[in-house]
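Chain and residue survey
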Amino acid sequence: MKTPRPDEVDRLVAAWARERPDLDTSPLHVLSRVTRLGHHLERARAEAFAATELVQWEFDVLAALRRSGAPHELSPSSLAAATLVTSGTMTTRIDRLAARALVERRPDPADRRGVIVRLTEEGVARVDTALADLLARERSVLDSLEPEQAEQLAVLLRRLLAPFEA
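Residues numbered from 1 in each chain as written. Predicted model: local features only at pLDDT ≥ 70, side-chain atom pairs only at ≥ 80, totals over all residues. Heavy atoms only, no water.

Here we take up the nonpolar core. Leu62, Leu79 and Val103 are the most contacted members of the largest nonpolar core, which totals 22 residues. Residue assignment for this core shows that the elements contributing at least two residues are α2 (26-50), α3 (56-67), α4 (76-83), α5 (87-99), β3 (111-119) and α6 (121-141). Here this core gets 7 residues from one element, more than from any other, and that element is α3. With near-sequence residues (within four places) excluded, valine 103 lies in contact with Leu62, Leu65, Ile94, Leu97, Ala98, Val117, Arg118, Leu119 and Thr120. (Core = buried A, V, L, I, M, F, W, Y, C linked by side-chain atoms within 4.5 Å. Buried < 20%, exposed > 50% of the residue type's maximum accessible area, 1.4 Å probe, protein only. Helix = DSSP H or I, 4+ residues; strand = E, 2+ residues; numbered from the N terminus. Contact = heavy atoms within 4.5 Å.)

Structural data, given as structure tokens:
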């Protein structure tokens, strides 16, 4: 495999190594690239979601409902847990999505005081379209890797993320 030409991270690591030779700058080779890649992926996601008039948090909520399987409904607390936000934030998000007719609130048959949030047909259509566009964009990001390399990268990234998500 041909080694890619030096990139911006190589330049910044070299500069730090020159300025601070007393420090081990090797983590920057990996983590600065992960950070930079994250910024590029955020832009690609924003572009994918813009086509369906969604933003990241809207996609996250709709996707959590869509992944839950038919009838695509969850409690607000389950949605909050799935999207890593507080219950107050989730209430506001549900309000906004309901105002756009992407979700609807229904009484919880198991708890008279509770509600269930259900994805509407329009919500299903939007999240499905956004996901297809997102996957096409993300697939193109991985085009420079062989399938085995992408699998190996996934394993290594999972190992790096594990301590944060334990």
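On to α6. The end-to-end C-alpha distance of α6 is 30 Å, a good match for the 30 Å that 21 residues give at a rise of 1.5 Å each. When we look at burial in α6, the residues that qualify are Gly123, Arg126, Val127, Ala130 and Leu134. Buried residues of α6, viewed axially, fall in a sector of 90°; they line one side. Opposite the packed face of α6, turned more than 90 degrees from it, sit the exposed residues Glu121 and Arg139. For α6, the secondary structure elements touched by its buried residues are α2, α3 and β3. (Expected span 1.5 Å × (residues − 1). Arc of directions from axis to C-beta.)

Another point: the layout of surface pockets. If a probe as big as a water molecule is rolled over the atoms, it shows which places are left empty. Approximately 2000 Å³ is the volume attributed to the largest pocket. Lining of the largest pocket is provided by 41 residues; of these, Arg33, Val34, Leu37, Leu153 and Leu157 occupy positions nearest its centre. Looking at the lining of the largest pocket, the elements with two or more residues in it are α1 (8-19), α2, α3, α6 and α7 (147-165). (1 Å grid on protein atoms, 1.4 Å probe; cavity = no way out; pocket = protein on both sides within 12 Å on 5 of 7 lines; lining within 4 Å. Points joined across faces, edges and corners; volume = space filled by probe spheres on them.)

Below, the discussion takes up the pairing of β3. Here is the key point about a regular strand: its side chains alternate between the two faces of the sheet. As paired elements, strand β1 (residues 73-74) and β3 share 2 bridges and run antiparallel to each other. Considered in β3, the bridge of leucine 74 is made with valine 117. Alignment of strand β2 (residues 103-108) against β3, held across 6 bridges, turns out to be antiparallel. Looking across to β3, one finds that arginine 106 is bridged to isoleucine 116. From the end of β2 to the start of β3, which pair antiparallel, there are 2 residues. (Pairing = 2+ DSSP bridges.)

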